[in-house]
Amino acid sequence: MRHRLKENRHICSIEETRISQAEDRALPRRMKFLRALQKLRLASEKHPSTEKHLKSSYQIVKENERLLRSYPPYIVHPFSLLRMYSDVIVFIAMNLHLMLLPFAFSFLAFESHPTRHLVEYTDLFLCLILAAEFALTFCTGFVVFETNEIVLEPRKIFLNRLRPFRLTYDLFLFLPYILLLEVFDELILEAGVETCLGFVTFLYLANIARFRDSNRYFSVIPRSLQIPESKTRIVQVIMNTLYVLHWTTCLGYIIPVLLQAYLSVDSTDEEEIEQLDMMQTHMQYRNVSAAFHPVVNPFVRLRAGDFQNNASTTYRYFRSMMVTLRVGMAASEKKDIEEHFVYRWIMMLVMFLGWLWFHYIPVVLWRFFDSPEMATDQYDKFMANLNAFAYNKHLSASLRNKLRNNFATRFRTRYFDEEMIMGLFPQNLRSSIRMETCRHLVSSVDLFKNLPYFILTDIVNCLRLEIYLQDDVIIAAGSFGHSMYFLAMGTVAVYAMSGKELGHLTDGAYFGEISLIKRNQRRTANVIALEACEIYRLSHEDFQNVVKPHAYLLNRIRKQAEQRLAMMKKKKDKMYGKKLIEGFLQ
């Protein structure tokens, strides 16, 4: 799927296809542009999830036909290029938004600095992107992972998005909280410090909960670049660690300032009331250092001194980060923690969470490197062994790619030992598994119609899975047939001996069935894979062993095969005679 055929490698010579290609090239630019826009909303092989749910070109084509035929033009397929591009953009926008919010409210709230206005405009732009993504989800289908069903019906999409908790959760993401930054210092005085403290805590809790969304969008990028799953998880752990550290750093900086204001507001001492009046006056002019000048607490004076000494925002941010890290690793000093009980409780929580987090990371990393039970890790390990084998044997680059592509097509990033798994079950269960996966292939064959169920079961048990990659020759014209082939997934091209392309076969097709009856029958056409194909092969010997005990069935199948051969010969003679007459008339 990932290394699919390219137009310059296979130029289809079928008349209808060539005509349609010529018509497409002759379209005016406006129509080409509209078709390109329409193509963005259709399922695409380039989307990383397509390979898992739509395993062949035929399935992609059928899915797009279903979308175009049955649903409105505003519905977007979940495996479209538009979704892939939007996921990457939203991942970047979401993380920038979630990083700017705490930084702005903690370090830029009481400053009239040009940087603050730049941050505000940037965050508003990011909110617009997130709002556009929210609107796009109402037009995008979704996958029911329990059944692998792709839902494209507008009503079901709308109801799925309108679930109360999910709707509220999504709305909170792109609300323009940054607009409150302009009046944040005034809110401390008007709405009360408790309200501001609650608002800052709400931002922290609401956006820390965005881990799942960030990781979901992030997963699209490495899958598009074909990065191994284990490496992706390591990057996710590092990214999440920095994310939590950033938010806690910002929260640990702003809370002492709010708590000191809280102390001043609740104080009944005349001297502290005068301090409050002074703080109100200075905060209106964004002079926080003067407002906290009478404060004795060294921790809060340190923060107020930042403004007085014009300490750079970068310096204040990294110093607060170092304090957070020391607290998180239980290595903090007394001067790092403000004496207010609320702040002490928060820092104790940070210490506990830090202890959990920094003990969780080694466990996660150990699981990444040594987790034989995980299918994706097993797949990556086998791929590493395959690469080492190819390197040691000095195989050519093209052969290495063929080995990797064959393995990738067979397992599709999820490794499993089929022989070991099937060996765990009794014969009746093994037959049931094979019948469920292959019965639709066998029952569609004309020669096998009306055969008893137990005969079909024996035939299915004889099937052998084979993987063919792009440009592989499955059947060569002129060779002696010894097997029949069932095309489970993929597309193949059929060529006459003269080299003329006769047509394509897709999922569910079969060919070479005459070889089951007549072993020495010569092949009359070439069959070549146009993409990675999963093909089940039924050999002449296995079929004869199954049917031979039932002579009446064998005779019936032989009679059907002979009739089919006679019809093919008659059709061939008719075409040959027509060509002779045309040549004579010329």
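Residues numbered from 1 in each chain as written. Predicted model: local features only at pLDDT ≥ 70, side-chain atom pairs only at ≥ 80, totals over all residues. Heavy atoms only, no water.

**Looking at the confidence of the model for the protein**
Argument step 1. When the pLDDT values of the protein are averaged, the result is 76; 73% of them are 70 or greater.
Argument step 2. The model gives residues 275–293 a pLDDT under 50, and that stretch makes 35 contacts with residues more than four places away or in other chains.
Argument step 3. Here residues 576–586 is modelled with pLDDT under 50, and outside its nearest four sequence neighbours on either side it reaches zero contacts, counting other chains as well. (pLDDT = per-residue confidence, 0-100. Contact = heavy atoms within 4.5 Å.)

**Section: the sheet that holds strand β8 (residues 510–511)**
Across a sheet, strands are paired by hydrogen bonds formed along the backbone, either parallel or antiparallel in direction.
Argument step 1. The strand order β3-β10-β5-β8 describes an open sheet built from four strands, whose pairing is antiparallel. Each having just a single partner strand, β3 (464–468) and β8 make up the two edges of the open sheet.
Argument step 2. On the sheet, helix α22 (residues 427–443) packs against β5 (483–489) and β10 (533–539) and is oriented at approximately 120 degrees with respect to β5.
Argument step 3. Sheet strands in contact with helix α24 (residues 540–547) are β5 and β10, and its direction is about 55 degrees off that of β10. (Pairing = 2+ DSSP bridges. Helix = DSSP H or I, 4+ residues; strand = E, 2+ residues; numbered from the N terminus. Axes fitted to C-alpha atoms, helices over the stretch in contact; angles between N-to-C directions.)

**Details of a nonpolar patch on the surface**
Argument step 1. A surface patch of nonpolar side chains, amounting to about 590 Å² of accessible area, comprises F416, M420, I421, L424, F425, L429 and I433.
Argument step 2. Within the residue set of the nonpolar patch, elements represented by two or more residues are α21 (418–423) and α22.
Argument step 3. Tracing the backbone through its elements, the reader meets F425 in the loop between α21 and α22. (Patch = residues over 30% accessible without salt bridge, like charges linked within 9 Å, V, L, I, M, F, W, Y side chains within 5 Å. Areas by Shrake-Rupley, 256 points an atom, 1.4 Å probe, with all protein chains shown as cover. Salt bridge = Lys/Arg side-chain N within 4 Å of Asp/Glu carboxyl O.)

**Some words on the pattern of salt bridges**
Argument step 1. According to the stated counting rule, one finds 10 salt bridges in the structure shown.
Argument step 2. One salt bridge in this structure joins E63 and R66, with 2.6 Å as the shortest N-O distance. With E63 and R66 both in helix α4 (residues 57–70) and three residues apart, this pair spans about one turn of that helix.
Argument step 3. Note on E63: relative accessible area 10%, which makes it buried.
Argument step 4. Using a relative accessible area of 23% as the deciding quantity, one classes R66 as partly exposed.
Argument step 5. K156 is the partner of E153 in a salt bridge, and the nearest nitrogen-oxygen pair spans 3.9 Å. (Buried < 20%, exposed > 50% of the residue type's maximum accessible area, 1.4 Å probe, protein only.)

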